[in-house]
Amino acid sequence: MLLAASKVFDKFKPVIGVNTDPERSEGHLCLPVRYTHSFPEALQKLYRGEFRWQWRQRIRLYLEGTGINPTPVDLHEQQLSQEQHSRAHISERFQDQRSDISGPHLLPVRALNEVFIGESLSSRSYNINKVAHQAVEEILKIAKKHGSLTMPLNMELVQKVTNDYNESLLYSPEEPKMFFSIREPIVNRVFSSSRQRGFSSKVCVRSRCWDACMVVDGGTSFEFNDGAIASIMIDTEDALCTVLLEE
(Lines give C-alpha, C1' and ligand atoms only; values in the text may rest on other atoms or scores of the structure.)
Protein backbone atom coordinates (compact mmCIF):
# COMPACT_ATOMS: atom_id res chain seq x y z
CA MET A 1 0.00 0.00 0.00
CA LEU A 2 2.78 2.44 0.93
CA LEU A 3 4.75 1.64 -2.21
CA ALA A 4 1.69 2.11 -4.45
CA ALA A 5 0.68 5.34 -2.70
CA SER A 6 4.19 6.77 -3.14
CA LYS A 7 3.67 6.64 -6.92
CA VAL A 8 0.38 8.57 -6.88
CA PHE A 9 0.31 12.37 -6.75
CA ASP A 10 -3.13 12.89 -8.31
CA LYS A 11 -5.52 13.82 -5.50
CA PHE A 12 -8.46 12.31 -7.41
CA LYS A 13 -6.90 8.95 -8.29
CA PRO A 14 -8.16 6.40 -5.69
CA VAL A 15 -5.75 3.89 -4.17
CA ILE A 16 -7.21 0.77 -2.57
CA GLY A 17 -5.02 -1.63 -0.62
CA VAL A 18 -5.56 -5.36 0.02
CA ASN A 19 -3.66 -7.07 2.82
CA THR A 20 -2.00 -10.06 1.14
CA ASP A 21 -0.33 -11.33 4.33
CA PRO A 22 -2.82 -10.88 7.22
CA GLU A 23 -1.01 -13.44 9.39
CA ARG A 24 2.07 -11.23 9.67
CA SER A 25 0.87 -7.76 8.67
CA GLU A 26 -1.63 -5.50 10.41
CA GLY A 27 -2.55 -3.92 7.07
CA HIS A 28 -4.03 -0.87 8.77
CA LEU A 29 -4.05 1.16 5.56
CA CYS A 30 -5.73 -1.61 3.57
CA LEU A 31 -9.29 -2.91 3.33
CA PRO A 32 -10.47 -4.91 6.39
CA VAL A 33 -8.76 -8.30 6.69
CA ARG A 34 -11.92 -10.29 5.88
CA TYR A 35 -11.81 -8.96 2.29
CA THR A 36 -8.42 -10.60 1.79
CA HIS A 37 -10.21 -13.93 1.39
CA SER A 38 -13.42 -12.51 -0.11
CA PHE A 39 -12.18 -9.84 -2.48
CA PRO A 40 -15.07 -10.37 -4.97
CA GLU A 41 -17.39 -9.09 -2.22
CA ALA A 42 -15.29 -5.93 -1.94
CA LEU A 43 -15.45 -5.45 -5.71
CA GLN A 44 -19.24 -5.77 -5.63
CA LYS A 45 -19.48 -3.12 -2.91
CA LEU A 46 -17.31 -0.79 -4.94
CA TYR A 47 -19.40 -1.48 -8.06
CA ARG A 48 -22.67 -0.76 -6.20
CA GLY A 49 -21.24 2.39 -4.63
CA GLU A 50 -21.46 1.00 -1.09
CA PHE A 51 -18.54 3.02 0.22
CA ARG A 52 -17.51 6.53 1.10
CA TRP A 53 -14.40 8.37 -0.01
CA GLN A 54 -11.72 8.86 2.61
CA TRP A 55 -8.99 11.45 2.10
CA ARG A 56 -5.90 10.36 4.01
CA GLN A 57 -3.68 13.34 4.71
CA ARG A 58 -0.05 13.05 3.65
CA ILE A 59 3.12 14.89 4.59
CA ARG A 60 5.21 16.96 2.23
CA LEU A 61 8.86 17.77 2.89
CA TYR A 62 11.16 20.65 2.01
CA LEU A 63 14.94 20.38 2.34
CA GLU A 64 17.30 23.34 2.57
CA GLY A 65 20.67 24.28 3.99
CA THR A 66 24.32 23.82 3.11
CA GLY A 67 25.42 20.92 0.96
CA ILE A 68 22.01 19.28 0.74
CA ASN A 69 21.29 16.49 -1.71
CA PRO A 70 17.61 16.07 -2.65
CA THR A 71 18.29 12.88 -4.62
CA PRO A 72 16.59 9.89 -2.93
CA VAL A 73 17.90 6.38 -2.37
CA ASP A 74 15.15 3.82 -2.99
CA LEU A 75 15.14 1.17 -0.24
CA HIS A 76 12.15 -0.85 -1.48
CA GLU A 77 14.13 -3.23 -3.64
CA GLN A 78 17.36 -3.46 -1.66
CA GLN A 79 18.33 -4.55 1.82
CA LEU A 80 21.35 -2.42 2.69
CA SER A 81 23.80 -2.67 5.55
CA GLN A 82 24.64 0.59 7.30
CA GLU A 83 27.87 0.90 5.30
CA GLN A 84 26.06 0.22 2.01
CA HIS A 85 23.32 2.69 2.93
CA SER A 86 25.84 5.48 3.54
CA ARG A 87 27.75 4.56 0.37
CA ALA A 88 24.54 4.77 -1.67
CA HIS A 89 23.96 8.32 -0.49
CA ILE A 90 27.56 9.30 -1.30
CA SER A 91 27.18 7.83 -4.80
CA GLU A 92 23.97 9.78 -5.42
CA ARG A 93 25.62 12.95 -4.14
CA PHE A 94 28.42 12.78 -6.72
CA GLN A 95 26.04 11.90 -9.54
CA ASP A 96 23.59 14.71 -8.80
CA GLN A 97 24.75 18.14 -9.94
CA ARG A 98 22.10 19.84 -7.78
CA SER A 99 23.79 18.88 -4.49
CA ASP A 100 24.90 22.48 -3.85
CA ILE A 101 21.35 23.86 -3.91
CA SER A 102 20.58 25.65 -0.65
CA GLY A 103 16.81 25.25 -1.04
CA PRO A 104 14.14 25.14 0.09
CA HIS A 105 13.67 22.19 -2.26
CA LEU A 106 10.36 20.30 -2.37
CA LEU A 107 11.18 16.59 -2.23
CA PRO A 108 9.55 14.31 -4.83
CA VAL A 109 7.70 12.16 -2.27
CA ARG A 110 4.70 12.39 0.05
CA ALA A 111 4.65 10.48 3.34
CA LEU A 112 1.47 8.56 4.10
CA ASN A 113 2.57 6.75 7.26
CA GLU A 114 5.73 8.26 8.73
CA VAL A 115 8.87 10.35 8.31
CA PHE A 116 11.87 9.15 10.31
CA ILE A 117 14.93 11.33 10.93
CA GLY A 118 17.99 9.85 12.61
CA GLU A 119 21.14 7.81 12.23
CA SER A 120 21.27 5.53 9.18
CA LEU A 121 19.01 2.46 9.23
CA SER A 122 17.77 3.07 12.77
CA SER A 123 14.36 3.79 11.23
CA ARG A 124 13.27 0.15 11.37
CA SER A 125 11.21 0.20 14.55
CA TYR A 126 7.52 0.68 15.23
CA ASN A 127 5.00 1.66 17.92
CA ILE A 128 7.58 3.70 19.80
CA ASN A 129 4.90 5.89 21.40
CA LYS A 130 2.66 3.26 22.94
CA VAL A 131 3.23 2.43 26.59
CA ALA A 132 3.04 -1.06 28.04
CA HIS A 133 1.00 -2.18 31.06
CA GLN A 134 4.20 -2.76 33.03
CA ALA A 135 5.36 0.86 32.63
CA VAL A 136 1.98 2.25 33.66
CA GLU A 137 1.80 -0.07 36.67
CA GLU A 138 5.23 1.04 37.90
CA ILE A 139 4.33 4.74 37.53
CA LEU A 140 1.05 4.27 39.41
CA LYS A 141 2.89 2.43 42.19
CA ILE A 142 5.24 5.40 42.57
CA ALA A 143 2.27 7.80 42.61
CA LYS A 144 0.60 5.68 45.30
CA LYS A 145 3.84 5.60 47.32
CA HIS A 146 3.94 9.41 47.40
CA GLY A 147 0.29 9.67 48.37
CA SER A 148 -0.84 11.04 45.02
CA LEU A 149 -3.03 8.01 44.32
CA THR A 150 -5.68 7.03 46.83
CA MET A 151 -7.76 4.57 44.80
CA PRO A 152 -6.97 0.83 44.90
CA LEU A 153 -4.23 -0.18 42.48
CA ASN A 154 -5.33 -3.22 40.47
CA MET A 155 -4.98 -4.61 36.96
CA GLU A 156 -8.30 -3.11 35.86
CA LEU A 157 -7.05 0.40 36.67
CA VAL A 158 -3.69 -0.27 34.99
CA GLN A 159 -5.46 -1.54 31.88
CA LYS A 160 -7.79 1.47 31.74
CA VAL A 161 -5.00 4.05 32.13
CA THR A 162 -2.86 2.26 29.53
CA ASN A 163 -5.70 2.08 27.00
CA ASP A 164 -6.72 5.71 27.59
CA TYR A 165 -3.18 6.93 26.97
CA ASN A 166 -2.61 4.81 23.87
CA GLU A 167 -5.98 5.79 22.41
CA SER A 168 -5.10 9.47 22.92
CA LEU A 169 -2.41 9.02 20.27
CA LEU A 170 -4.97 8.09 17.61
CA TYR A 171 -6.80 10.53 15.34
CA SER A 172 -8.68 10.51 12.06
CA PRO A 173 -6.45 10.18 8.97
CA GLU A 174 -8.53 12.96 7.40
CA GLU A 175 -7.49 15.53 10.02
CA PRO A 176 -4.86 17.96 8.66
CA LYS A 177 -2.33 17.28 11.40
CA MET A 178 0.51 14.90 12.24
CA PHE A 179 1.92 13.35 15.38
CA PHE A 180 5.61 13.91 16.16
CA SER A 181 7.78 12.02 18.60
CA ILE A 182 11.41 12.30 19.72
CA ARG A 183 12.75 8.82 20.21
CA GLU A 184 15.41 8.34 22.89
CA PRO A 185 16.21 12.08 23.24
CA ILE A 186 19.71 13.03 24.42
CA VAL A 187 19.49 14.80 27.78
CA ASN A 188 22.65 16.26 29.31
CA ARG A 189 24.11 19.65 30.22
CA VAL A 190 24.21 20.60 26.51
CA PHE A 191 20.93 19.17 25.20
CA SER A 192 17.50 18.89 26.76
CA SER A 193 14.00 17.94 25.65
CA SER A 194 11.00 19.43 27.43
CA ARG A 195 8.43 18.08 25.00
CA GLN A 196 8.98 14.69 23.43
CA ARG A 197 5.72 14.21 21.54
CA GLY A 198 2.66 16.08 20.35
CA PHE A 199 0.46 17.14 17.43
CA SER A 200 1.31 19.76 14.83
CA SER A 201 0.64 20.83 11.24
CA LYS A 202 4.29 21.78 10.65
CA VAL A 203 7.64 20.73 12.14
CA CYS A 204 11.10 22.07 11.28
CA VAL A 205 14.22 20.04 12.08
CA ARG A 206 17.88 21.11 11.79
CA SER A 207 20.41 18.29 11.52
CA ARG A 208 23.30 18.03 13.96
CA CYS A 209 24.29 14.57 12.69
CA TRP A 210 27.23 13.23 10.68
CA ASP A 211 25.73 10.03 9.29
CA ALA A 212 21.98 10.54 9.25
CA CYS A 213 19.08 10.09 6.89
CA MET A 214 15.45 11.09 6.49
CA VAL A 215 13.38 8.02 5.57
CA VAL A 216 9.87 8.39 4.13
CA ASP A 217 7.48 5.49 4.78
CA GLY A 218 10.42 3.14 5.28
CA GLY A 219 11.14 3.10 1.55
CA THR A 220 12.79 6.33 0.36
CA SER A 221 15.88 7.72 2.05
CA PHE A 222 17.42 11.21 1.84
CA GLU A 223 20.78 12.25 3.23
CA PHE A 224 20.28 14.48 6.26
CA ASN A 225 23.57 15.54 7.79
CA ASP A 226 24.86 18.65 9.59
CA GLY A 227 23.72 21.82 7.85
CA ALA A 228 20.49 20.41 6.44
CA ILE A 229 17.08 21.73 7.50
CA ALA A 230 13.83 19.86 6.89
CA SER A 231 10.38 21.44 6.92
CA ILE A 232 7.70 18.80 7.39
CA MET A 233 4.11 19.89 6.90
CA ILE A 234 0.55 18.97 5.97
CA ASP A 235 -1.00 20.34 2.79
CA THR A 236 -4.54 19.16 2.03
CA GLU A 237 -3.70 19.15 -1.70
CA ASP A 238 -1.49 16.12 -1.03
CA ALA A 239 -4.29 13.97 0.42
CA LEU A 240 -4.55 10.40 -0.87
CA CYS A 241 -7.96 9.27 -2.10
CA THR A 242 -9.01 5.96 -0.52
CA VAL A 243 -12.31 4.28 0.33
CA LEU A 244 -14.22 3.01 3.37
CA LEU A 245 -16.57 0.15 2.52
CA GLU A 246 -20.01 0.13 4.11
CA GLU A 247 -20.39 -2.74 6.57
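See the structure shown above.
In this text the structure is predicted, and so the values were computed from the model without any measurement. (Residues numbered from 1 in each chain as written. Predicted model: local features only at pLDDT ≥ 70, side-chain atom pairs only at ≥ 80, totals over all residues. Heavy atoms only, no water.)

Undergrad: Help me understand the nonpolar core, please; the structure alone is not making it clear to me.
TA: The nonpolar side chains of soluble globular proteins are, as a tendency, buried together. If you look at the biggest cluster of nonpolar residues, it comprises 16 residues, and the most contacted ones within it are Leu61, Leu63, Leu107 and Met214. Sorting the residues of this core by element identifies strand 2 (59-65), strand 4 (105-111), strand 9 (212-216) and strand 11 (228-234) as the ones contributing at least two each. At four residues, strand 11 tops the list of elements feeding residues into this core. The residues touching Leu107, leaving out its near neighbours within four places in the chain, are Leu61, Leu63, Pro70, Met214 and Phe222. (Core = buried A, V, L, I, M, F, W, Y, C linked by side-chain atoms within 4.5 Å. Buried < 20%, exposed > 50% of the residue type's maximum accessible area, 1.4 Å probe, protein only. Helix = DSSP H or I, 4+ residues; strand = E, 2+ residues; numbered from the N terminus. Contact = heavy atoms within 4.5 Å.)

Undergrad: I keep staring at the pattern of salt bridges and nothing clicks. Help me out?
TA: Where side chains of opposite charge bring their charged atoms close, a pairing between them can arise. Inspection of the entire model under this criterion finds 13 salt bridges. With its nearest N and O atoms 3.4 Å apart, the salt bridge here joins Glu41 to Arg34. With relative accessibility at 32%, the residue Glu41 sits in the partly exposed group. Among the ionic pairs, Glu50 bridges to Arg48, the shortest N-O distance being 2.8 Å. With relative accessibility at 23%, the residue Glu50 sits in the partly exposed group. (Salt bridge = Lys/Arg side-chain N within 4 Å of Asp/Glu carboxyl O.)

Undergrad: Sorry if this is basic, but what is going on with the sheet that holds strand 9 here?
TA: Picture the strands of a sheet paired through backbone hydrogen bonds; they go either parallel or antiparallel. The sheet built from four strands is open, its strands ordered 3-10-9-5 with antiparallel pairing. The two strands at the open ends of the sheet, each matched to only one other strand, are strand 3 (73-74) and strand 5 (115-119). As paired strands, strand 5 and strand 9 are joined by five bridges and run antiparallel to one another. Of the residues in strand 9, the one forming a bridge with Ile117 is Met214. (Pairing = 2+ DSSP bridges.)

Undergrad: Please explain the environment of His37 as it appears in this structure.
TA: Relative to the helices and strands, His37 resides in the loop between helix 1 (2-5) and helix 2 (39-48). Classification of His37 by relative accessible area gives exposed; the value is 68%.

Undergrad: Whenever I open this one, the packing of helix 4 (residues 133-145) against helix 5 (residues 155-167) confuses me. Can you help?
TA: In a pair of packed helices, the angle between the axes and the distance between the axes together describe the arrangement. Contact pair helix 4 / helix 5: the axes reach a minimum separation of 9 Å and the direction vectors enclose 115°. Here helix 5 runs roughly perpendicular to helix 4, going by the angle between their axes. Crossing angle aside, the handedness with which helix 4 passes helix 5 is right-handed. Contacts between helix 4 and helix 5 involve His133, Val136, Glu137 and Leu140 from the former and Met155, Leu157, Val158, Gln159, Val161, Thr162 and Asn163 from the latter. In terms of residue class, the contact of helix 4 with helix 5 is built from six nonpolar, four polar and one charged. (Axes fitted to C-alpha atoms, helices over the stretch in contact; angles between N-to-C directions. Parallel < 35°, antiparallel > 145°, perpendicular 65-115°, else oblique. Left-handed = near helix turned anticlockwise from the far one by under 90°. Nonpolar A, V, L, I, M, F, W, Y, C, P; charged D, E, K, R; others polar.)

Undergrad: How should the sheet that holds strand 8 (residues 202-206) be read in this particular structure?
TA: Across the sheet, which stays open at both edges, the four strands sit in the order 4-2-11-8 with antiparallel pairing between neighbours. In this open sheet, the two strands that pair with only one neighbour each are strand 4 and strand 8. Adjacent strand axes in the sheet meet at a mean angle of 20° when their direction is disregarded. Of the strand pairs in this sheet, strand 2 and strand 4 are connected by four bridges, and their pairing is antiparallel.

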